[in-house]
Amino acid sequence: YIMVKTYKINNLDCANCAAKLERAVGKIDGINGASVNFFAQKMTLDVDGDRFDRVIDEVRRVCKKVEPDMEIVFN
């Protein structure tokens, strides 16, 4: 099954960083699609549901590499 979730992003500084984040997250195994909206400060992920927890841990790691000050609010 597929899970589509949207998360709030704090401290995303520029549209270029949003594009880099979108590309980097989109390459993670288990993610079918990633979209980052700089103006709304949100990220939408299309993830294989059975791998969700593993994928989210990798998303956190990749995000800190791309933009160390940025925080994704996982509820």
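Predicted model only: the values in this text are computed from it and were never measured. (Residues numbered from 1 in each chain as written. Predicted model: local features only at pLDDT ≥ 70, side-chain atom pairs only at ≥ 80, totals over all residues. Heavy atoms only, no water.)

Topic: the sheet that holds strand β1 (residues 2-10)
Then, number 1: The antiparallel open sheet is built from 4 strands, whose spatial order is β2-β3-β1-β4. Of all strands in the sheet, those bounded by a partner on one side alone are β2 (31-37) and β4 (71-73). Going across the sheet, the axis of each strand differs from the next one's by a mean of 25°, ignoring polarity.
Then, number 2: When β2 meets strand β3 (residues 42-48), the two strands line up antiparallel, connected through 6 bridges. (Pairing = 2+ DSSP bridges. Helix = DSSP H or I, 4+ residues; strand = E, 2+ residues; numbered from the N terminus. Axes fitted to C-alpha atoms, helices over the stretch in contact; angles between N-to-C directions.)

Topic: the packing of aromatic side chains
Then, number 1: For the coordinates displayed, the defined rule picks out 2 aromatic pairs.
Then, number 2: Considering the side-chain rings of F38 and F39, the 5.3 Å spacing of their centres and the 65° angle between planes classify their relative orientation as edge-to-face.
Then, number 3: Cation over ring: R60 sits above F74, and NZ or CZ is 4.3 Å from the ring centre. (Phe/Tyr/Trp six-rings, centres within 6.5 Å; stacked < 30°, edge-to-face > 60°. Lys NZ or Arg CZ within 6 Å of the ring centre and 35° of its normal.)

Brief notes about the pairing of β3
Then, number 1: Here β1 pairs with β3 via 7 bridges, running antiparallel. Directly across from K8, in β3, lies its bridge partner K42.
Then, number 2: As consecutive antiparallel partners, β2 and β3 are separated by 4 residues, and within that stretch Q41 has a phi angle of approximately 55°, a positive value.

Considering the pairing of β1
Then, number 1: Judged from the 3 bridges that link them, β1 and β4 form a sheet pairing that is antiparallel. Paired with K8 across the two strands is V73, which belongs to β4.

Observations concerning the nonpolar core
Then, number 1: In this structure, V25, I31, M43, L45 and V59 are the most contacted members of the largest nonpolar core, which totals 24 residues.
Then, number 2: Elements with a minimum of two residues in this core: β1, α1 (15-26), β2, β3 and α2 (52-66).
Then, number 3: Apart from the residues lying within four places of it in its own chain, the contact partners of M43 are K5, T6, Y7, I9, V25, S35, V36, V59, C63 and I72. (Core = buried A, V, L, I, M, F, W, Y, C linked by side-chain atoms within 4.5 Å. Buried < 20%, exposed > 50% of the residue type's maximum accessible area, 1.4 Å probe, protein only. Contact = heavy atoms within 4.5 Å.)

Looking at the pattern of salt bridges
Then, number 1: Applying the stated criterion to the full structure yields 4 salt bridges.
Then, number 2: Where D48 meets R51, a salt bridge forms, and the shortest distance between an N and an O atom there is 3.5 Å.
Then, number 3: A residue is classified by how much of its surface remains accessible, and D48, at 19% relative accessible area, is buried.
Then, number 4: A relative accessible area of 21% places R51 in the partly exposed class.
Then, number 5: Of the charged contacts in the structure, one is a salt bridge between D57 and R60, with a shortest N-O distance of 3.4 Å. Residue D57 and its partner R60 are located together in helix α2, separated by 3 residues, close to a single helical turn.
Then, number 6: Classification of R60 as partly exposed rests on a relative accessible area of 39%. (Salt bridge = Lys/Arg side-chain N within 4 Å of Asp/Glu carboxyl O.)

So, to be careful, I would describe these as geometric facts and stop short of saying anything about function.
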